[in-house]
Amino acid sequence: MKAFRSGLVAALAACCLVAMPTVTYGAAKIVIVNANTGSDGFNDKTAADPVGGNAGITVGQQRLIAFKYAAAIWGTGLNGPVTVSIQSQFTSLVCSANGGVLGQAGPTQAVLGGSFPLPNVWYPLALANQLAGSDLLPGIPSIAAKFNSGLGGSGCLPGTSWYYGLDGNTGFNQYDLAEVVLHEFAHGLGFLTLTDIQTGKEFAADPNSPSFQDVWEFNMFDLVVQKHWNQMTDAERAASALRPRKLVWDGANVISAVPNVLTGGTPSLTVSSPPSVAGEYLVGEAQFGPSLSSTSVSANLSAPLDATGSTLACSPPLSPGLSNTIALVDRGNCTFVTKVKNAQAAGALAVVVADNVPGSPPIQMVGTDPSINIPSVLISQADGARIKTALASGTVVVNEHLLPVLRGADDQNRALLYTPDRYKMGSSVVHTDTIAALLMDPAYNAQLGHKLDLTPYLLKDIGWSMANPNPTDQSADITLSATGPSSAKKGSNVSYEVTVTNDGPSDSGDVTVFFSTKPSDINFASSSGDCATGFPCSLALAAHSTRSFTATFTVPSSYSGDTVQATINAAPPFTDPVPANNVANVNTSVGGGCSSTGSGEPLLSAVLLLLGLGRKRSRRSK
Amino acid sequence: MKKASINPALLSALALGLTLGACQGPEASVTPSKSPSGIALSPEVARQVRELEPLLRRPTNLPLTRDSRGGQLLDLQGGFQHAVIVRRNPDGTHSIICTDSIDQATEFLARPPQSTIEEQ
C-alpha cells in the first residue's frame, strides 16, 4: 500500500524502528466527513467485490475508500498543522441520458486579512487555516464535495459507471472516481481564483464592498502585457484569460519542478517567409502518422484542390502535384485521416489542416491509419486565413517541428495555464494547458495514474507546505487477522479479536477498518483497544507496526438463524501490493439458551480470503 | 367624494412585478433559452442548466464574519464550485470538462454532439 502519514507516526517510526527500511514524510491531515445519512451514498450496503486494490465489500465502502485514497494522496503531498475537513456526499446530481455532472467541489469559505503572507488577499479556507496555524472556523469543513450516486442508472448516462479501483485500470464507459476526486479536491485546496474571468473584476464580499486580489493572481504572468494578474486592470485580466498559451505560472517552485515533471518538446508550425506571416503558430497534433518528435519537415506550402475543386482534400486525386511541398488543406466533410492520406498519395511531405471553426488552441486530430507516413498538424481558422492570404500572393515557407521547449511550459520553464479563446470549454486560468495532459487538465482522462505532477508545486507557490510530491510512489502491505468464538448462544455477546499489521516498507496513513456482520441485525455492543470509537474506524500504522482491538456484538434472543458471520476488512488509503490479506471472515454457530460471553471460546473457523497468499500464522488470516 | 380610478393595466403590471420579485429574489436567475454562442437549448439541457446554476454561480452579498485576528471570513454559500460534466457522443465515447462557469457548462451541454472517432 502506498503511504500517508502523520508527523507523530513518522516520529514513532524514526525512534522505534531504526533497523527497518522505512520511508517517512510529514503530511497534512485530510479527513473525509461523511455527509450521507441513512443507507445512501457512502452508506450504501449493496454488496460489491473488491476491485483494483479497493478492499471495500459494499458500494458505500468502496466509495469511501476511494475518497480516503484521494485524501491520503493529497495529505501525503502537502504538509500542514491544521486538519483539512472535506464534507463529502454521494448523491443524485444533475444528469440525463446524454450528459450530466460527475462531481463537484470547492472551498466553503474565503478568508481575507490578518497575518497572512500577503495582506488583504483572499485565501481559500483550507490554506488560510494552515497559514494561521489554527482552525479559523472550528466545526466548519473547509472544502465541500458532492459526487453523483445516480451514474449509470436509467436516467443518468446509462451504461456508464464509476470505477472504484485504485489502480487506474478503468474500463470502457467507466470513470475513475479516485482521479476525479483528486482533481476536484485540488480546486478545494486552492487551485482556483475568485476573480471573475469574464469581467476581470476581483472578488468582493458584496457589490458595495471593495474588491481584493486573491492569492492565485500573484503567479499568473501574461506574456503579452508582461504583467501579473494582480497588477492588471479588469480589462487586462479579462483579455488575458482568452490568450491561448500566453498566460504562464511563474512561481519559483513550479519553475524548478518543470524539468523533472514535464517532458518532450512542443509541436509547432514555423513560417519563415514571407515576413508578413513569419512566426510560430500553435498547432494541434495528429494521433496518426509519425510524431513530430522524430520528424521535422521544412518546405514550401502548397494549396491543392481535390477532384471536386475543393480545398477540403476529401476526393482524390489532389492537384497540382504536391511533390516536395507541405499541403495546406481545410478541415471538414471527411476525416483528418482521409485528407492526409490523399495528400500523401499526391506526394506531399507533410500536411497543414486549417480549422473550419473558430477556436484556439487547435484540437488534436483523431484517427488511426498505419499507412500514413507523413506528419500533419492542425492550425486555427484565423491562422489558416492569414497564411492563405500570404500564399495567394507568393511563396510561403513553413517548418513542422518540435520546439525545444518542454511540453506544457514556456521557454523559461513556466507552466502554461489553460487560456483558450471563448469557443473552448473548461475553466480558464485555473487549469493547466491541455498540451501536457496533467492532473489539472480541464478535460483530464482517467489514465494519469493518480500522479500529482505539477499540482503540489503550484499549491506550494500559493503558500502550502509540500511534503512529498510523489505520494503514490510509496507502498506498504497491510495484513489483517481476526479470531472469534466457535459458538455463541442467543442473547449473548460475541467478541472478536482483530489485529492489523503494516508490513511496510512505508507508513500506512489512515487505514479504514470496516466491520460487518451477517445477518445485519446482530447488534454492535462495544469496542475497545485501537478502534474504541466504533466502525468504520481509522488506524494509522507506522511501517512494521501492529494495532489491535476487540469488538463485541450481541446476538438477539429472537435470532432465528444458526450462524453469524463477521467480516472485517482493512482498507489502506493507497494501493496495497497484497490486498487479499486485508480481509477476514469469522463464522460462529449460534445455539439456543441464555447469555454467556463468547470471548475466549475456541475458534471454529476463520474463513480467510485468499488463504495461503501470505505468511501463515496460527489462527490468523492472511 | 370622487373615487380614485385605477388603471387595470397598471394593476396587472404591478401584480406581475410583485410576483416576479417574490419568485426571483436577489440571487435568482432565469434559465436562458440559448447558449452563449446562440445554440438553442433543448428542454433537457435547459433543465440541467437550471440545476447547475446554484453550484457555479458567483453569489453576491455573502455573509461576512470576522475572526480574532482581524481577518474576514466569507461564506461562499455553495457557489464558486468546480463541476465535472460529461456528455455522451454519438459514437459511444464521452467528452468531459471541468468548469466553474455556468456559461461554459451551458455551451458544453448545448453544443451538437460530435463524434470523436469520425472527427472531421
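None of the values given here were measured: they were computed from a predicted structure.

Definitions and limits used
Residue positions are given per chain, counted from 1 along the sequence in the order it is written. The naming scheme follows written order: chains are lettered A onward, ligands numbered 1 onward. A pLDDT threshold of at least 70 governs which residues receive local features in this predicted model, and a stricter bar of 80 or more applies before side-chain atom pairs are shown or counted, although totals over entire chains, interfaces and linings include all residues. The basis for every side-chain value is the complete set of non-hydrogen atoms in the structure, without hydrogens or water. By definition, any uninterrupted DSSP run of H or I lasting at least four residues is a helix, any uninterrupted run of E lasting at least two residues is a strand, and each is numbered from the N terminus. The contact rule is simple, with two residues in contact once any of their heavy atoms fall within 4.5 Å. Shrake-Rupley sampling with a 1.4 Å probe provides the accessible areas, and residues are treated as covered by the protein chains on show and by no other component. Summed over both partners, buried area is the accessible surface (1.4 Å probe) that two parts give up on being assembled. Note on definitions: salt bridges are taken to be side-chain nitrogens of Lys or Arg within 4 Å of carboxyl oxygens of Asp or Glu. Nitrogen and oxygen atoms within 3.5 Å of one another constitute a polar contact, given that in protein one can donate a hydrogen and the other can accept it, and given that sequence-neighbouring residues count only through two side-chain atoms. Cavities and pockets are defined on a 1 Å grid built over the protein atoms alone: a cavity is a set of grid points where a 1.4 Å probe fits but cannot escape, while a pocket is an open set with protein on both sides within 12 Å along at least five of seven lines, and lining residues are those with an atom within 4 Å of any such point. Grid points are joined across faces, edges and corners, and a volume is the space filled by probe spheres set on the points. Following the grouping adopted for this structure description, the nonpolar residues are Ala, Val, Leu, Ile, Met, Phe, Trp, Tyr, Cys and Pro, the charged ones are Asp, Glu, Lys and Arg, and the polar ones are all others, Gly among them. Delimitation of the domains relies on an automatic or database domain assignment. Helix span is expected to be 1.5 Å times the residue number reduced by one. Type-normalised accessible area, obtained with a 1.4 Å probe on protein chains alone, sets the label of each residue: buried when under 20%, exposed when over 50%, and partly exposed for intermediate values. Two strands pair if DSSP finds at least two bridges between them. Within this scheme, the nonpolar core is defined by two criteria: the residues are buried Ala, Val, Leu, Ile, Met, Phe, Trp, Tyr or Cys, and they are joined through side-chain atoms within 4.5 Å. Pairs were defined over the aromatic rings of Phe, Tyr and Trp, the Trp ring being its six-membered one, requiring ring centres within 6.5 Å. Orientation was assigned from the angle between planes: stacked under 30 degrees, edge-to-face over 60, tilted for the rest. Here, a charge over a ring means that NZ of Lys or CZ of Arg falls within 6 Å of the ring centre while also lying within 35 degrees of the ring normal.

1. Quick word on the overall build of chain A
Here comes step 1: Of the regular secondary structure elements, chain A holds nine helices and 33 strands.
Here comes step 2: Here the analysis covers contacts within chain A between residues at least 6 apart in sequence; of these, 71% occur between residues at least 24 apart.
Here comes step 3: When the accessible surface of chain A is split by element, carbon and sulfur atoms take 52% of a total near 22300 Å².

2. A word on the interface of chain B and chain A
Here comes step 1: With 47 residues of chain B in contact, the opposing surface of chain A contributes 68 residues.
Here comes step 2: Buried area between chain B and chain A, both sides added, is near 4600 Å², and the carbon and sulfur share of it is 53%.
Here comes step 3: Between chain B and chain A we count zero salt bridges in total.
Here comes step 4: The interface formed by chain B and chain A contains 24 residue pairs in polar contact (both at pLDDT 80 or more).

3. Side note on unusual backbone geometry
Residues and elements named next belong to chain A.
Here comes step 1: A cis amide bond, omega -5 degrees, links Ser319 with the succeeding residue Pro320.
Here comes step 2: Structurally, Pro320 can be placed in the loop between strand E17 (297-302) and strand E18 (325-330).
Here comes step 3: With an omega of 10 degrees, the peptide bond between Gly504 and Pro505 qualifies as cis.
Here comes step 4: Topologically, Pro505 is positioned in strand E26 (residues 493-505).
Here comes step 5: Positive phi, normally seen in glycine, also occurs at Leu157, with a value near 45 degrees.
Here comes step 6: Along the chain, the position of Leu157 falls in the loop between strand E7 (143-148) and strand E8 (161-163).
Here comes step 7: Located in the positive-phi region is Gln226, a residue other than glycine, with phi close to 55 degrees.

4. Section: the pattern of salt bridges
All names here are of chain A.
Here comes step 1: A complete count under the given rule lists 13 salt bridges over all chains for this structure.
Here comes step 2: With its nearest N and O atoms 2.7 Å apart, the salt bridge here joins Arg243 to Asp222. With a gap of 21 residues between them, Arg243 in the loop between helix H5 (234-240) and strand E13 (247-249) and Asp222 in strand E11 (residues 220-222) connect regions that are remote in the sequence.
Here comes step 3: Put simply, Lys388 and Asp330 hold a salt bridge, and the shortest N to O gap is 2.5 Å. Within this pair, whereas Lys388 is found in helix H8 (residues 381-393), its partner Asp330 is found in strand E18, the two being separated by 58 residues in sequence.
Here comes step 4: Salt bridges here are not isolated pairs; linked through shared partners, they connect Glu202, Glu217, Asp234 and Arg237.

5. Quick notes on the layout of surface pockets
All names here are of chain A.
Here comes step 1: When its volume is computed, the second largest pocket comes out at roughly 880 Å³.
Here comes step 2: Lining of the second largest pocket is provided by 32 residues; of these, Lys45, Thr58, Gln61, Phe515 and Ser516 occupy positions nearest its centre.
Here comes step 3: Examining the composition of the lining of the second largest pocket, we find that six residues originate from one element, strand E27 (residues 510-518), more than from any other.
Here comes step 4: Counted by class, the lining of the second largest pocket contains 16 nonpolar, twelve polar and four charged residues.
Here comes step 5: Of the residues that make up the lining of the second largest pocket, three or more belong to each of domain 1 (2-191) and domain 3 (476-606).

6. Notes on helix H4 (residues 177-189) of chain A
Residues and elements named next belong to chain A.
Here comes step 1: Compared with the 18 Å implied by 1.5 Å per residue over 13 residues, the 18 Å span of H4 between its first and last C-alpha is a close match.
Here comes step 2: Among the 13 residues in H4, 13 count as buried, and that is most of the element.
Here comes step 3: Looking at where H4 begins, the residue whose side-chain oxygen comes 3.1 Å from the main-chain nitrogen of Ala178 is Asp176.

7. Concerning the sheet that holds E17 of chain A
All names here are of chain A.
Here comes step 1: On the basis of which strands lie adjacent, the open sheet formed by eight strands has the order E15-E14-E21-E17-E18-E19-E20-E16 and mixed pairing. The open sheet is flanked by strand E15 (279-281) and strand E16 (284-285), the only strands paired with a single partner.
Here comes step 2: The pairing of strand E19 (residues 350-354) with strand E20 (residues 376-379) spans four bridges and is parallel. Along E20, the bridge assignment pairs Val351 with Ser376.

8. A few points about the nonpolar core
Residue and element names in this part refer to chain A.
Here comes step 1: Judged by nonpolar contacts, the single largest core of 104 residues is most densely connected at Trp74, Trp162 and Phe185.
Here comes step 2: At eleven residues, the largest contribution of residues to this core is made by helix H2 (residues 59-77).
Here comes step 3: Both of domain 1 (2-191) and domain 3 (476-606) provide at least three residues apiece to this core.
Here comes step 4: Core analysis: the second largest hydrophobic core is formed by 28 residues, Ala482, Val500, Leu541 and Ala551 among them.

9. Focus: the pairing of strand E2 (residues 72-75) of chain B
Here comes step 1: As paired elements, strand E5 (residues 109-112) of chain A and E2 of chain B share four bridges and run antiparallel to each other. Bridge pairing in E2 of chain B places Ala110 of chain A opposite Leu74 of chain B.
Here comes step 2: Sheet topology places strand E1 (residues 64-66) of chain B next to E2 of chain B; three bridges connect them, and they run antiparallel. Paired with Leu64 of chain B across the two strands is Leu74 of chain B, which belongs to E2 of chain B.
Here comes step 3: The loop that links E1 of chain B with its antiparallel partner E2 of chain B comprises five residues; one of these, Gly70 of chain B, has a positive phi angle of about 90 degrees.

10. Considering the sheet that holds E13 of chain A
Residues and elements named next belong to chain A.
Here comes step 1: Here we have four strands laid out as an open sheet, ordered E12-E11-E13-E22, and antiparallel in their pairing. Here the strands that pair on one side only, and so sit at the sheet edges, are strand E12 (227-228) and strand E22 (415-416).
Here comes step 2: When E11 meets E13, the two strands line up antiparallel, connected through three bridges. Residue pairing in the sheet places Asp222 in a bridge with Leu247 of E13.

11. Thoughts on the packing of aromatic side chains
Here comes step 1: In total, this model carries 20 aromatic pairs over all chains according to the counting rule given.
Here comes step 2: Ring geometry for Trp216 of chain A versus Trp249 of chain A: centroids 4.3 Å apart, planes at 45 degrees, classification tilted. Of the two residues, Trp216 of chain A sits in the loop between strand E10 (213-214) and E11 while Trp249 of chain A sits in strand E13, which places them 33 residues apart along the sequence.
Here comes step 3: In this structure an aromatic cluster arises from ring pairing among Phe42, Phe67, Phe90, Phe147, Trp162 and Phe185 of chain A.
Here comes step 4: Taking NZ or CZ as reference, Arg87 of chain B lies 5.3 Å from the ring centre of Phe108 of chain B, over its face.

12. Considering empty space enclosed by the protein
Over the atoms, a rolling probe the size of a water molecule traces out where space has been left empty.
Here comes step 1: Applying the stated criterion to the full structure yields three cavities of 30 Å³ or more.
Here comes step 2: Here the largest cavity defines a volume of roughly 70 Å³.
Here comes step 3: Looking at the largest cavity, it is lined by 13 residues, and the ones nearest its centre are Trp122, Tyr123, Pro124, Leu192 and Leu194 of chain A.
Here comes step 4: Of all the secondary structure elements, the ones that give two or more residues to the lining of the largest cavity are E5 and strand E6 (121-124) of chain A.
Here comes step 5: Considering each element in turn, the lining of the largest cavity owes the most residues, three residues, to E6 of chain A.
Here comes step 6: Partitioning the lining of the largest cavity into residue classes produces nine nonpolar, three polar and one charged.
Here comes step 7: Roughly 50 Å³ of volume is contained in the second largest cavity.
Here comes step 8: Forming the walls of the second largest cavity are Leu192 and Thr193 of chain A together with Leu56, Arg57, Arg58, Phe80, His82 and Asp100 of chain B.
Here comes step 9: Class assignment of the residues belonging to the lining of the second largest cavity gives a composition of three nonpolar, two polar and three charged.

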